[in-house]
Amino acid sequence: MKKDKYLKIDSSDINTPFAMDRREFLKSLGGGIIIVFSIGELSVLGGGILTKVQESSDLNAYLRVKEDGRIDCYTGKIEMGQGVITSLAQVLADELEVSLDQVDMVMGDTELCPYDAGTWGSLTTRFFDPILRAAAAEARAVLIELAAEHLKISKKQLEASEGVIYDTKNRKNQVTYAQLTKGKKILKPLSEKPPVKTPSEFKIIGKPELKADALAKVTGEAKYAGDIRLPGMLYAKILRPPAHGARLISLDASALENIEGIEVVREKDFFAVLHKSPEIAGEAINKVKAEYEVPEPKANDETIFKHLLSVASESNLVEEGGNLKEGRELSDITVEEEYLDGYVAHAPIETHTATAKFEGDKITMWVSTQTPFGTRQAISETLNMPLQNVHIKQNFLGGGFGSKNYNQQAIEAARITKLSGKPVQLVWTRGEEFFYDMFRPAAVVKINSGITNSGKITLWDYGVYFAGARGSQLFYDIPHNRTMAYGSAEGAHPFGTGAWRAPANNTNTFARESQIDIMAWKAGVDPFEFRLNNMKDERMIRVLKAAAKKFGWPPVKLPGGKGYGIACGVDAGSYVAQIAEVEVDKETGQVQVKRVVCAQDMGQVVNPQGAILQIEGCITMGLGYALTEDVKFNWGEVKTRNFNTYEITRFSWTPKIDTVLIDAQDSPPQGGGEPPIICVGGVIANAIFDATRARLFQLPMTPERILAAIHKG
Amino acid sequence: MTETIQFELNGKPMEMSLDSERTLLWVLRSDLGLTGTKYGCGASHCGACIILVNMKTVRSCMYPVWYIKGKKVITIEGLSKNGDLHPLQKAFIKHDALQCGFCTPGMIMNAYGLLHHNPQPTVREIIQGMDQNLCRCGSYNRIIDAIQTAAKEMKGGRQI
Ligand code: FES
Ligand code: FES
């Protein structure tokens with residue numbers, strides 16, 4: 001598994017299609033109307049989404065109007081709680097003029113669904129919606145054409161609604177989609193300009209919808225990768241090293257001999273046990289005696305920042321404008337600060353899981369993965385078998401947040417099933433989940449900024465180390481600025497790091513918004529006014545004002561431990577502004593976040609209810625990285641292994657959350673699953689400062705750090 | 001040691017012969033195929049594995065299976081009766097009190113236990129009673145609303 005992905009995963013990482021001949025697959029689909037396209041033609045659709053075209057013979061299906069009138073929607077995206085199972089169905093239903101419950105979502109199945117690079121980066125709505133809408137519009141056009149023939153009426157006189165096409169002059173004269181598709185099989189390629197609706201014609205898009213999968217989830221029927229039960233299936237546990245980078249020296253498995261029903265597989269250092277009872281496999285693996293050589297630690301959770309700065313060997317200019325020297329000369333007050341951010345785990349409640357079986361030379365798997373097609377590729381490479389012999393099936397995910405872009409568990413399960421010849425399930429323990437998580441990288445941000453006495457920002461010299469550039473771009477209007485991103489390709493981190501919900505942006509927004517706040521206080525200007533005075537970006541001004549209005553800014557300040565803070569940022573094309581009220585106990589350093597207001601401009605909102613859920617989820621999750629979440633380690637030895645030492649947000653800390661969605665139905669839909677989390681660190685830091693006059697420069701803002709900052713004064 | 005144990009599971013009498021030291025959670029999930037009860041931490045921290053034993057909430061990852069001998073066990077699969085959703089299940093749907101849904105069975109079962117012992121909890125009591133259940137997707141506020149709605153519906157009608 002590759003480490004140091006800190007610079008690579010960004011919202012700009014867009015799908016590179018993988019070419020594969022799917023004609024065979026299309027033949028095997030049943031009847032009805034199937035909208036197909038070849039990837040070669042796709043560039044017409046998505047504003048340059050699909051850049052690299054490999055073959056034009058590759059046909060994909062996005063939807064099928066079945067012979068019973070129901071619709072299958074095929075997408076390589078997966079559902080992990082972000083609600084696309086509902087919002088994609090909405091888009092399809094609206095454009096195709098069917099009701100929402102006529103749509104069946106077929107998701108993440110590598111045999112049925114078109115290639116997809118993965119569900120991350122808040123891309124689903126932005127990039128998949130337009131394609132799906134086009135396909136649905138195409139299908140509607142075909143149906144209207146068929147209806148015109150069937151009813152012997154001109155197309156212009158026909159109208160579709162709820163899966164029925166009517167004669168507008170005589171509504172009794174009608175025909176259903178099912179009647180039209182019965183006994184037919186029509187493959188229709190996507191045309192260049194599919195007749196999609198304008199926003200004013202939407203009936204379902206933009207309406208709040210409850211989640212389509214909720215029923216299965218409240219009854220316990222929803223199937224996750226670990227809920228698959230196969231005849232003869234065994235549960236696997238793998239021998240794990242005490243630290244990353246440790247080398248196996250000796251292994252003694254003799255203690256396993258008296259455990260009934262235990263099976264063992266081994267391939268070099270890869271050692272696993274299997275049993276029909278998962279916990280017996282777990283006890284067995286603990287009985288194996290193994291000795292390891294552990295590499296010399298180079299840093300721990302306290303010294304890591306110094307280490308990172310010392311190994312940063314690569315630099316990237318993100319953007320620059322004006323001239324820093326001039327900016328410095330224009331500044332009456334300069335502020336130079338350094339911000340630190342520790343490693344953070346994804347910690348979805350479902351650990352990495354995979355179930356696998358062989359049938360002949362074909363492997364079928366259920367995997368908790370955000371990248372079913374990437375997993376297929378990895379399995380095919382690991383087991384050295386052709387891609388079409390690897391089938392990843394659809395299942396729900398118990399949370400992802402970026403962690404399940406990485407599929408080590410799937411590779412492990414595939415190897416074990418191959419070695420043992422048995423169907424296998426591998427469910428990582430919580431301890432394994434923490435050990436192998438691709439953490440959000442620890443990072444340092446250095447900022448040197450300046451203002452005039454009247455509160456105009458004149459200088460912005462920004463350097464982010466190891467977080468990545470996402471979210472570091474300026475939306476403040478600063479004449480003299482430079483933004484740099486530093487890192488190194490290998491060896492900086494003791495373990496794997498990767499994309500964590502809104503990668504890099506949490507770190508960058510915390511640092512930037514803290515720095516802005518410091519300057520506002522130095523200038524003696526209200527932090528809301530100070531922001532407005534220093535920006536021209538209309539969309540940002542609009543969300544800031546919306547948040548301030550909802551919150552009631554400026555707040556009426558009463559004596560006591562309360563404080564109020566503001567932060568704003570841009571992520572995945574969406575604009576976010578948040579205002580928080582906190583209460584700080586100055587004796588203990590405990591923070592209670594009372595209320596957070598979040599205003600967001602995410603362009604066209606397909607499912608407002610879903611967008612609000614994402615905002616609430618982001619703010620709730622974000623409190624953890626802001627206040628408590630911190631992975632403890634001594635180089636490759638990860639000490640944090642369960643929720644008792646890794647505190648995530650609980651019921652009792654959750655604030656009242658108010659959301660404002662800016663109405664922008666005319667602009668293209670933007671990301672929603674990540675943007676609202678970026679401001680949480682900064683908004684709380686700024687509110688803590690307001691409450692205590694203590695400035696926090698390191699995340700998480702634990703009670704100890706808050707007390708230390710208060711005492712520093 | 002293999003022994004035969006009897007208990008009631010979701011209203012039906014059960015008998016199993018097995019090593020009674022085995023973990024309740026895994027017996028439910030693997031031997032009995034009741035996969036609605038989830039594994040999240042294996043150490044009593046998250047609550048994903050909560051079931052009811054004699055109407056008491058139990059973190060099934062922490063108990064040996066002999067613990068349920070002669071007792072009444074309810075899992076998430078036993079909550080709806082003849083296709084009728086329990087008020088808590090309905091309220092979770094109504095309030096959209098879930099995202100990925102992985103914590104949901106444990107949340108609902110814990111709330112079920114809570115309402116059994118305190119049919120009209122205050123918000124503070126709900127928070128206290130639910131605080132050891134973790135949801136990474138951040139559905140907490142909606143879960144509180146859902147529990148209140150269910151409590152209201154259950155007061156007049158259906159008893160648990
Ligand atoms: S799995 Fe039992 S409490 Fe987490
Ligand atoms: S809904 Fe995902 S963990 Fe609670």
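Each value, and the rule that gives it
Residues numbered from 1 in each chain as written. Chains lettered and ligands numbered in written order. Predicted model: local features only at pLDDT ≥ 70, side-chain atom pairs only at ≥ 80, totals over all residues. Heavy atoms only, no water. Helix = DSSP H or I, 4+ residues; strand = E, 2+ residues; numbered from the N terminus. Rg over C-alpha atoms; globule rule 2.2 N^0.38 Å. Buried < 20%, exposed > 50% of the residue type's maximum accessible area, 1.4 Å probe, protein only. Contact = heavy atoms within 4.5 Å. Areas by Shrake-Rupley, 256 points an atom, 1.4 Å probe, with all protein chains shown as cover. Polar contact = N/O pair within 3.5 Å; in protein donor to acceptor, adjacent residues only side chain to side chain. Domains from an automatic or database assignment. Buried area = accessible area lost by both parts, 1.4 Å probe. Salt bridge = Lys/Arg side-chain N within 4 Å of Asp/Glu carboxyl O. Nonpolar A, V, L, I, M, F, W, Y, C, P; charged D, E, K, R; others polar. Axes fitted to C-alpha atoms, helices over the stretch in contact; angles between N-to-C directions. Parallel < 35°, antiparallel > 145°, perpendicular 65-115°, else oblique. Left-handed = near helix turned anticlockwise from the far one by under 90°. Pairing = 2+ DSSP bridges. Phe/Tyr/Trp six-rings, centres within 6.5 Å; stacked < 30°, edge-to-face > 60°. Lys NZ or Arg CZ within 6 Å of the ring centre and 35° of its normal. Core = buried A, V, L, I, M, F, W, Y, C linked by side-chain atoms within 4.5 Å.

(A) Broad picture of the overall build of chain A. Looking only at helices and strands, chain A has 17 helices and 29 strands in total. For chain A, whose C-alpha radius of gyration is 27 Å, the value lies close to the compact-globule estimate of 27 Å for 713 residues. With respect to the principal axes defined by its C-alpha atoms, chain A has extents near 80 × 75 × 45 Å. Considering chain A as a whole, with its 713 residues, one finds that 65% of them fall into the buried category. Put simply, of all contacts in chain A between residues at least 6 apart along the chain, 78% involve residues at least 24 apart. Accessible area of chain A: about 26200 Å², with a carbon and sulfur share of 49%.

(B) Layout of the side chain of Asp341 of chain A. Residues and elements named next belong to chain A. Here Asp341 shows up in strand β15 (residues 333–341). Taking relative accessible area as the criterion, Asp341 reaches 2% and is therefore assigned buried. There is a polar contact of 2.9 Å between the side chain of Asp341 and the side chain of Arg440. Only 2.7 Å separates the side chain of Asp341 from the side chain of Thr507, close enough to count as a polar contact.

(C) How the structure looks around the domain arrangement of chain A. Residue and element names in this part refer to chain A. Along its sequence, chain A is carved into domain 1 (3–217), domain 2 (225–293 + 352–427) and domain 3 (304–343 + 439–712). Contacts between the two partners involve 30 residues from domain 1 and, on the opposite side, 40 residues from domain 3. For the pair domain 1 and domain 3, the summed buried surface comes to about 2400 Å²; carbon and sulfur atoms form 54% of the total. Our enumeration of links across domain 1 and domain 3 arrives at 0 salt bridges. Counting across the interface, domain 1 meets domain 3 through 1 residue pair in polar contact (both at pLDDT 80 or more). Counting residues per element, the ones that place at least two in the side of domain 1 that touches domain 3 are α2 (84–96) and α3 (124–151). For the side of domain 1 that touches domain 3, the per-class residue count stands at 10 nonpolar, 10 polar and 10 charged.

(D) Examining the packing of helix α2 (residues 87–94) of chain B against helix α3 (residues 104–117) of chain B more closely. All names here are of chain B. One can describe the packing of α2 onto α3 by two numbers: an axis separation of 10 Å at closest approach and a directional angle of 130 degrees. Classified by the interaxial angle, the pair formed by α2 and α3 is oblique. Like other packed secondary-structure pairs, α2 and α3 cross with a definite hand, here right-handed. From α2, Leu88, Gln89 and Phe92 reach across to α3, where they touch Thr104, Met107, Ile108, Ala111, Tyr112 and Leu115. Across the contact of α2 with α3, the residue classes tally to 7 nonpolar, 2 polar and no charged.

(E) Broad picture of the sheet that holds β15 of chain A. Residue and element names in this part refer to chain A. Read across the open sheet, the 6 strands follow the order β14-β22-β21-β20-β15-β29; overall the sheet is mixed. Each edge of the sheet is formed by a strand with only one pairing partner; in this case those strands are β14 (314–321) and β29 (698–699). Relative to strand β22 (residues 480–487), β14 is paired through 7 bridges, and the arrangement is antiparallel. Note that in β22 the partner of Glu319 across the bridge is Thr483.

(F) Layout of the interface of chain A and chain B. Taken together, the contact between chain A and chain B spans 61 residues of the former and 47 residues of the latter. When the two sides are added together, the surface that chain A and chain B hide from each other amounts to roughly 4300 Å², 58% of it contributed by carbon and sulfur. The largest contributions to the chain A side of the interface with chain B come from Val218, Ile349 and Phe651 of chain A, which together make up 21% of the buried area. The tally of links between chain A and chain B comes to 5 salt bridges. Of the charged contacts in the structure, one is a salt bridge between Asp227 of chain A and Arg29 of chain B, with a shortest N-O distance of 2.9 Å. Counting across the interface, chain A meets chain B through 27 residue pairs in polar contact (both at pLDDT 80 or more). Looking at the side of chain A that touches chain B, the elements with two or more residues in it are α5 (214–218), α6 (278–287), α15 (608–627) and β28 (656–661) of chain A. Classifying every residue of the side of chain A that touches chain B by side-chain character gives 28 nonpolar, 19 polar and 14 charged.

(G) Layout of the pattern of salt bridges. Residue and element names in this part refer to chain A. On inspection of all chains with the given rule, the structure shows 50 salt bridges over all chains. Between Glu583 and Lys594 there is a salt bridge, with the nearest N and O atoms lying 3.7 Å from each other. Of this pair, Glu583 sits in strand β24 (residues 574–584) while Lys594 is found in strand β25 (residues 591–601), placing the two residues 11 residues apart along the sequence. Across the pair Asp690 and Arg693 runs a salt bridge, and its minimum N-O distance is 3.9 Å. Looking at Arg693, the relative accessible area reads 43%, which means it is partly exposed. Salt bridges sharing partners connect three or more residues here, namely Arg64, Lys66, Arg70, Asp72 and Asp104.

(H) Seen up close, the environment of Gly118 of chain A. Residue and element names in this part refer to chain A. Of note, Gly118 is situated in the loop between β4 (103–107) and α3. As for Gly118 and Asn405, which are separated by 287 residues in sequence, their C-alpha atoms are 7.3 Å apart. Apart from residues lying up to four places away in sequence, Gly118 is in contact with Lys77, Gln370 and Thr371.

(I) Geometry of the environment of Glu21 of chain B. Residues and elements named next belong to chain B. One can find Glu21 in the loop between β2 (12–19) and α1 (24–31). Glu21 sits 24 residues away from His45 along the chain, and the two C-alpha atoms are 21 Å apart. In contact with Glu21, not counting residues within four places along its chain, are Pro64 and Trp66. Within the structure, Glu21 has its side chain in polar contact with the side chain of Trp66 (distance 3.3 Å).

(J) Region of the structure containing the packing of aromatic side chains. All chains considered together, the criterion is met by 24 aromatic pairs over all chains. Here the basic side chain of Arg440 of chain A rests over the ring of Trp500 of chain A, its NZ or CZ set 5.0 Å away from the ring centre.

(K) Broad picture of the nonpolar core. If you look at the biggest cluster of nonpolar residues, it comprises 230 residues, and the most contacted ones within it are Leu63, Leu96, Ile165, Met365, Ile684 and Met701 of chain A together with Phe92 of chain B. The greatest single-element share of this core, amounting to 14 residues, is contributed by α3 of chain A. Membership of the second largest hydrophobic core comes to 16 residues, among which are Ile5, Leu18, Leu24 and Leu28 of chain B.

(L) Seen up close, the sheet that holds strand β12 (residues 270–275) of chain A. All names here are of chain A. Taken in spatial order, the 7 strands of this open sheet run β11-β12-β9-β19-β16-β17-β18, and their pairing is mixed. What marks the edges here is a single partner per strand, and that holds for β11 (263–267) and β18 (390–393). This sheet shows a mean twist of 25 degrees between the axes of neighbouring strands, independent of strand direction. Contacts between helix α9 (residues 372–382) and the sheet are confined to β17 (362–367) and β18, with β18 contributing the most and set at about 150 degrees to the helix.

(M) Broad picture of the domain arrangement of chain B. Residue and element names in this part refer to chain B. By domain assignment, chain B separates into domain 1 (2–75) and domain 2 (87–153). Its C-alpha centre places domain 1 at a distance of 21 Å from the equivalent point of domain 2. On the domain 2 side, the residues contacting the 15 residues of domain 1 number 12 residues. For the pairing of domain 1 and domain 2, the buried interface totals around 1200 Å² over both sides, and the portion due to carbon and sulfur atoms is 63%.

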